[in-house]
Amino acid sequence: MQRWLAFDISDGLMDTPAAVLVTRAGRIWAAGSHTSMAATAWFDGRRWQRQLHPQIGWGIDYRAIHEAGDGSVWFGVSSDPSIITPGCIGGLARCRPFSGAGGDDVFEYHYFNEQFFLYGIYGIGEDAAGDLWIGQLGLYRYAVQADQWEKISGPRGLVENFIDCISTSPSGTLWFGTRSNGLFCRRSRDGQWFNYTAENSLSSNTIISIFAESDSNVWVATDQDICHFDGRSWVANVFPAHIKMTSSGGSLSISRDGSLWINHRTRTWNRRNLYPGVIAREAKEWFRTIRYQPDRQPPRTSITFSQDRISQPGNVLLSWHAHDPWKSTPDRSEEHTSELQSPNTIS
């Protein structure tokens with residue numbers, strides 16, 4: 001039987017949590033803001049162990065939490081880092097891998113400067129080489145081993161637009177969601193770039209969230225609907241209209257049982273500690289999550305007519321029929337797709 005537990009500042013948690021991360025080792029992190037200072041906390045099984053990072057800003061952005069391949073956890077500051085406390089210089093906090101019982105967390109900071117300057121951090125990704133990619137209004141790559149920053153100069157449609165989210169597949173393929181130029185993908189195996197827009201794949205060029213479980217299972221939330229990519233082609237309008245996110249924000253995630261979680265939130269909710277006592281009713285109503293459990297049993301499909309030989313110019317004629325178990329999907333709504341692998345696929 002499932003049991004819910006509630007935590008607050010009396011348990012050591014920050015007063016305004018924005019996101020939760022569970023590391024590969026099972027450690028639970030929370031990040032957000034506490035008394036208008038950027039804050040992180042990890043759960044020791046009984047209480048939260050809180051850390052404050054006032055020098056980087058007023059809060060950690062919910063999109064800017066990333067566990068790197070070496071086990072360290074990176075936290076990026078929310079936009080307008082000096083909005084509450086003048087003098088905050090913004091940047092990243094990195095917690096190195098936990099050393100075990102009795103060990104202390106070691107944080108290091110990477111502040112905004114001439115080599116690395118953004119107005120906040122909206123996403124963190126990691127390529128196959130272990131380099132970090134940091135985005136907002138601009139894009140930077142950080143070579144961890146060399147301790148060097150590089151400002152990325154292209155594609156122009158990506159680096160000259162707001163990058164509102166970043167996701168990394170297990171192979172190191174990077175996905176970037178922009179505010180008005182669609183979705184960009186940097187393929188891991190050769191560094192080739194792809195741009196998916198409303199003209200060729202998506203229903204909108206405004207990307208809210210991305211979750212790349214693999215190169216052949218990518219979920220993308222736009223301000224119009226939720227789309228899915230199977231490594232070759234896109235399907236838009238996967239869910240009913242009432243499930244879509246607003247342009248104010250939200251996130252997608254996949255749990256270990258394969259469920260897709262569609263998390264709704266508004267900009268007001270994300271910044272609720274900046275406006276105490278004025279949280280609108282709509283902001284609370286929109287703070288919710290929807291769990292989608294994929295149907296793992298495909299329709300029973302049969303080819304009812306096909307040709308033994310195909311003449312020039314190569315047009316193929318066939319017919320098919322499918323039955324979905326329990327009629328969850330009506331027969332008239334069944335769709336079938338088949339495509340040969342091409343060099344421009346992601347996987």
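Residues numbered from 1 in each chain as written. Predicted model: local features only at pLDDT ≥ 70, side-chain atom pairs only at ≥ 80, totals over all residues. Heavy atoms only, no water.

Asks: Describe the overall build of the protein, listing the residues and the values that go with them.
Replies: The secondary structure content of the protein amounts to three helices and 25 strands. Relative to the compact-globule value of 20 Å for 347 residues, the protein shows a C-alpha radius of gyration of 22 Å, a close match. Once the C-alpha set of the protein is aligned to its principal axes, its extents read approximately 70 × 50 × 40 Å. Out of the 347 residues in the protein, the part that is buried amounts to 46%. Across the protein, every contact between residues at least 6 apart in sequence was considered, and the portion connecting residues at least 24 apart equals 43%. (Helix = DSSP H or I, 4+ residues; strand = E, 2+ residues; numbered from the N terminus. Rg over C-alpha atoms; globule rule 2.2 N^0.38 Å. Buried < 20%, exposed > 50% of the residue type's maximum accessible area, 1.4 Å probe, protein only. Contact = heavy atoms within 4.5 Å.)

Asks: Explain the sheet that holds strand β20 (residues 234–235) to me, using residue names and the numbers behind them.
Replies: In sheet architecture, strand pairing relies on hydrogen bonds along the backbone and comes in two forms, parallel and antiparallel. Strands sit in the order β17-β18-β19-β20 across an open sheet of four strands; the sheet is antiparallel. Only two strands of the sheet have a single partner each, and these edge strands are β17 (207–214) and β20. For strand β19 (residues 226–229) and β20, the ladder comprises two bridges, and the chain directions are antiparallel. In the strand pairing of β20, F229 is matched with W234. (Pairing = 2+ DSSP bridges.)

Asks: A description of the nonpolar core should follow, citing residues and the corresponding values.
Replies: In this structure, F75, F116, I121 and I134 are the most contacted members of the largest nonpolar core, which totals 32 residues. Among the secondary structure elements, those contributing two or more residues to this core are β1 (16–22), β2 (28–34), β3 (37–43), β5 (60–67), β6 (73–77), β7 (91–95), β10 (132–136) and β11 (138–143). Beyond its immediate chain neighbours, meaning those up to four positions away, I121 contacts D61, A64, G76, V77, G91, L92, F112, F116, I134, G135 and Q136. Counting residues in hydrophobic clusters, the runner-up holds 16 residues, among them L183, L202, W234 and I346. (Core = buried A, V, L, I, M, F, W, Y, C linked by side-chain atoms within 4.5 Å.)

Asks: Can you explain the pairing of strand β4 (residues 48–52)? Please cite residues and give values.
Replies: With five bridges connecting them, β3 and β4 associate as antiparallel partners. When the bridges of β4 are listed, T40 appears paired with Q51. What sits between the antiparallel neighbours β3 and β4 is a turn of four residues, in which G45 has the positive phi angle 105°.

Asks: Account for the environment of W48, naming residues and giving values.
Replies: Examined against the element boundaries, W48 turns out to sit in strand β4. For the pair W48 and S216, spaced 168 residues apart in the sequence, the C-alpha separation amounts to 37 Å. Those residues in contact with W48 that lie beyond four places of it in its chain are F7, D11, G12, L13, I28, W29, A30, A41, W42 and F43.

Asks: Outline the environment of H323, supporting the account with residue identities and numerical values.
Replies: Along the chain, H323 falls in strand β25 (residues 319–323). Each C-alpha atom, one on H323 and one on M37, is 56 Å from the other, the two residues being 286 residues apart in sequence.

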